[in-house]
Amino acid sequence: MNHDDLRHWSKHAADWAHDYHTTLRDRPVRAQTTPGATAAALPTAPPEQPEDPERIFADFEAIVPGAMTHWQHPRFFAYFPANAAPASQWAEQLANAIAAQCMLWQTSPAATEIEQVMIGWLRQALGLAPHFTGTIHDSATTCTLAAVITMRDRATGWDSLQHGLTGQAPIRLYASAQTHSSVDKAARLAGLGQQNLVKIATDDAYAMDPDALDAAIRSDLKAGYLPAGVVLCTGGTSIGACDPIAACLEVARSHGLYTHVDAAWAGSAMICPEFRPLWAGVDGADSIVFNPHKWLGAQFDCAVQFLADPAPQIRSMGLRPDYLQTPGQDQITNFNEWTVPLGRRFRALKLWFTLRAYGLEGLRTRIRNHVAWTAELAEKFRVHKDFRITTEPRLALFTFQYAPQGGDADALTERLLKKINDDGRVYLTQTQHQGRYIIRMTAGTFDCSRDDVMTVYDAATELAKTL
Ligand code: PLP
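Residues numbered from 1 in each chain as written. Predicted model: local features only at pLDDT ≥ 70, side-chain atom pairs only at ≥ 80, totals over all residues. Heavy atoms only, no water.

Asker: Any chance you could break down the environment of I420 for me, citing the residues and the numbers?
Answerer: Tracing the backbone through its elements, the reader meets I420 in helix α14 (residues 409-423). Residue classification places I420 among the buried positions, given a relative accessible area of 0%. For the pair I420 and V456, spaced 36 residues apart in the sequence, the C-alpha separation amounts to 8.8 Å. Beyond its immediate stretch of four places on either side in the chain, I420 contacts V426, L428, A460 and L463. (Helix = DSSP H or I, 4+ residues; strand = E, 2+ residues; numbered from the N terminus. Buried < 20%, exposed > 50% of the residue type's maximum accessible area, 1.4 Å probe, protein only. Contact = heavy atoms within 4.5 Å.)

Asker: If you had to explain the domain arrangement of the protein to someone new, which residues and values would you point to?
Answerer: Segmenting the protein into domains produces domain 1 (1-30 + 69-81 + 359-467), domain 2 (32-66) and domain 3 (101-345). Measuring from the centre of the C-alpha atoms in domain 2 to the corresponding centre in domain 3 gives 40 Å. (Domains from an automatic or database assignment.)

Asker: Explain the layout of surface pockets to me, and be specific about the residues and the numbers.
Answerer: Empty space within the largest pocket amounts to approximately 1000 Å³. If you go around the largest pocket, you meet 30 residues; those closest to its centre are A13, W16, A17, Q89 and Q93. Breaking the lining of the largest pocket down by element, the ones donating at least two residues are α1 (3-22), α3 (53-63) and α4 (86-98). Residue contributions to the lining of the largest pocket peak at 9 residues, all from α1. Its residues placed into classes, the lining of the largest pocket shows 21 nonpolar, 9 polar and no charged. Inspection of the lining of the largest pocket shows a minimum of three residues originating in each of domain 1 (1-30 + 69-81 + 359-467) and domain 2 (32-66). Lining the second largest pocket are 30 residues, with Y79, F80, H180, T237 and K294 sitting closest to its centre. (1 Å grid on protein atoms, 1.4 Å probe; cavity = no way out; pocket = protein on both sides within 12 Å on 5 of 7 lines; lining within 4 Å. Points joined across faces, edges and corners; volume = space filled by probe spheres on them. Nonpolar A, V, L, I, M, F, W, Y, C, P; charged D, E, K, R; others polar.)

Asker: Any details on the site of the ligand? Residues and values, ideally.
Answerer: Around the ligand, the structure places 13 residues, and the nearest of them are A140, T141, T237, D262 and N291. Residue T237 places a side-chain N or O atom 2.8 Å away from an oxygen atom belonging to the ligand. The contact in question runs from an oxygen atom of the ligand to an N or O atom on the side chain of K294, over 3.3 Å. The fraction of the free accessible surface of the ligand (400 Å²) that becomes covered by protein chains is 85%. Of all elements in the fold, only α6 (140-155) and α11 (292-295) reach the threshold of two or more residues within the shell around the ligand. (Near = heavy atom within 4 Å. Polar contact = N/O pair within 3.5 Å; in protein donor to acceptor, adjacent residues only side chain to side chain. Areas by Shrake-Rupley, 256 points an atom, 1.4 Å probe, with all protein chains shown as cover.)

Asker: Explain a negative patch on the surface to me, using residue names and the numbers behind them.
Answerer: A surface patch of like charges, here negative, comprises E51, D52, E54 and D59. Along the chain, the position of E51 falls in the loop between α2 (37-40) and α3. (Patch = residues over 30% accessible without salt bridge, like charges linked within 9 Å, V, L, I, M, F, W, Y side chains within 5 Å. Salt bridge = Lys/Arg side-chain N within 4 Å of Asp/Glu carboxyl O. Lys, Arg positive; Asp, Glu negative; His and termini not counted. Charge placed at Lys NZ, Arg CZ, Asp CG, Glu CD.)

Asker: If you had to explain the side chain of H293 to someone new, which residues and values would you point to?
Answerer: Relative to the helices and strands, H293 is located in helix α11. You can call H293 buried: its relative accessible area is 4%. A polar atom in the side chain of H293 sits 2.9 Å from the backbone nitrogen of C302. Setting aside residues up to four positions removed in sequence, H293 forms contacts with P81, A82, N83, D138, A298, Q299, F300, D301, C302 and A303.

Asker: I'd love a proper account of empty space enclosed by the protein, names of residues and values included.
Answerer: Evaluated as defined, the whole model comprises 3 cavities of 30 Å³ or more. Quantified by volume, the largest cavity comes out at close to 40 Å³. N83, W295, L296, L363, R366, I367, H370 and F446 are the residues that line the largest cavity. Sort the elements by how many residues they give to the lining of the largest cavity and helix α13 (residues 348-383) lands first, with 4 residues. Considered class by class, the residues forming the lining of the largest cavity number 5 nonpolar, 2 polar and 1 charged. The space that makes up the second largest cavity amounts to roughly 40 Å³. In terms of lining, the second largest cavity is formed by C102, A111, T112, E115, F335, R344, R345, F346, R347 and A348. Of the residues forming the lining of the second largest cavity, the biggest block, 3 residues, is contributed by helix α5 (residues 109-125). Taken together, the residues of the lining of the second largest cavity break down into 5 nonpolar, 1 polar and 4 charged.

Asker: Describe the sheet that holds strand β7 (residues 303-307), listing the residues and the values that go with them.
Answerer: With mixed pairing, the 7 strands of this open sheet are ordered in space as β1-β7-β6-β5-β4-β2-β3. Looking at strand neighbours, the two that pair on one side only are β1 (133-137) and β3 (197-200), the edges of this open sheet. Taking the axes of each pair of neighbouring strands and ignoring which way they run, one obtains an average angle of 20° across the sheet. Running at roughly 170° to strand β4 (residues 226-233), helix α10 (residues 245-254) makes contact with β4 and β5 (258-262) of the sheet. (Pairing = 2+ DSSP bridges. Axes fitted to C-alpha atoms, helices over the stretch in contact; angles between N-to-C directions.)

Asker: Explain the sheet that holds strand β10 (residues 429-433) to me, using residue names and the numbers behind them.
Answerer: Across the sheet, 4 strands lie side by side as β8-β9-β11-β10; this open sheet has antiparallel pairing. The sheet is open, and its two edges are formed by β8 (387-394) and β10, each paired on a single side. Strand-to-strand twist across the sheet, computed as the mean angle between neighbouring axes with direction ignored, equals 35°. In this sheet, strand β11 (residues 436-442) lies alongside strand β9 (residues 397-402) in antiparallel orientation, the contact comprising 4 bridges. Residue pairing in the sheet places L397 in a bridge with T442 of β11. Seen against the sheet, α13 touches β8, β9 and β11 and runs at an angle of roughly 160° to β8.

Asker: So what about the side chain of S139? Which residues, and what values?
Answerer: Here S139 is to be found in the loop between β1 and α6. The class of S139 is buried, set by a relative accessible area of 17%. There is a polar contact of 3.3 Å between the side chain of S139 and the side chain of D138. Setting aside anything within four residues of it in sequence, one finds S139 in contact with N291 and A303.

Asker: So what about the packing of α13 against helix α15 (residues 450-464)? Which residues, and what values?
Answerer: For any two helices packed against each other, one specifies the crossing angle of their axes together with the interaxial distance. One can describe the packing of α13 onto α15 by two numbers: an axis separation of 9 Å at closest approach and a directional angle of 20°. With respect to their mutual orientation, α13 and α15 come out roughly parallel. Judged by the sense of rotation from one axis to the other, the crossing of α13 with α15 is right-handed. Residue-level inspection shows W373, T374, E376, L377, K380 and F381 of α13 in contact with α15, the latter providing R450, V453, M454, V456, Y457 and A460. Each residue belonging to the contact of α13 with α15 can be placed in one class, and the counts come to 8 nonpolar, 1 polar and 3 charged. (Parallel < 35°, antiparallel > 145°, perpendicular 65-115°, else oblique. Left-handed = near helix turned anticlockwise from the far one by under 90°.)

Following this line, the structure appears as structure tokens:
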């Protein structure tokens, strides 16, 4: 295949993509396949001779779409969305065509500088203070890992950079049980160990109790541990819990600890000023992550980290071996020095296109609709005698159970969820909360409509009757 063939097949792919997206509602949302079926459809050895693009494409059509869960399906309500605006897809096509590796300013000046400007645009869009700068990572997980490694190294006075953790007192991190498992993963990967991530008690609303945080840090100091940092959540994955950011940051600051706020999902909603009370005080954080790939339309992968001061993270992440030296490097930004991987994709382009193609007002309207429709759906379930709202709507997320009188609500809810996802009209996933099996409902795909959201009620009530 050469570039002339590529032109033909790119146009063909664009037509295919148009048909795919405009007929998504006709497909079941969750893949209706069985483990091993796709692998069994592929030859067991690679081809020795070039194959005809016609055949390659035919196999793609026959094998792939039917065995995919359709994340851009307007009735995808599982996990959190990974939404993709058409303008973002367009930008990705162009970034793919250039196929740059954007590790240094010199390898990609436009990518580096558009990234800097996009961080500034998003900072303003989210209403954050002007002192924040930042960068783009692939995922919130690597971003949180970078923040945790920075906490660790800073707590050791940067000694760990040279000597590792040998001889150090055990380093402690603090987070509530509502934070995402990426915080646990970061504690493990940073060599701190799961048991040194202290899970702080929460209040009735599942928000971290600042007094409990203070008590845990004091008790650790007395016991000879080395407290390093606090990770707070705005919009926890399970039920959307939000920590009291201002009060917890004050506690962290009083102990000189580094702070990171995980707003991977909820951060996008902060383009709407009315939701900002959910993270009031966030301007005092050292680091904040949010994923435009979850709810802003800049497709996966795109995790934005805001940093009050990039210097500590660069001290942990930044290396300049001879082969990466470039002239004038002290006057420019080489973003690889801010992140775990060296290589980086041109992720800023899709932010630039998406923000321009819809404008903040267009994006706000979408998010406000998702929130309003989710609340409306929750009310429908609330008044149904056989359903129970288990956690209240937080932005565009709530949870519910199928709990007819005299039935085992956990078992029935689990059976109902399986029926719903086998049915295929909508896709929902579960979580556990207070020992109960509950269904999570979160709206957020780019093309989702009010009718799509209300289909959850129709499917759930209809299928419940068959249990
Ligand atoms: N933090 C929160 C609150 C999340 O909901 C998620 C994923 O859903 C993550 C972090 C991890 O995100 P990523 O897939 O970008 O690593």
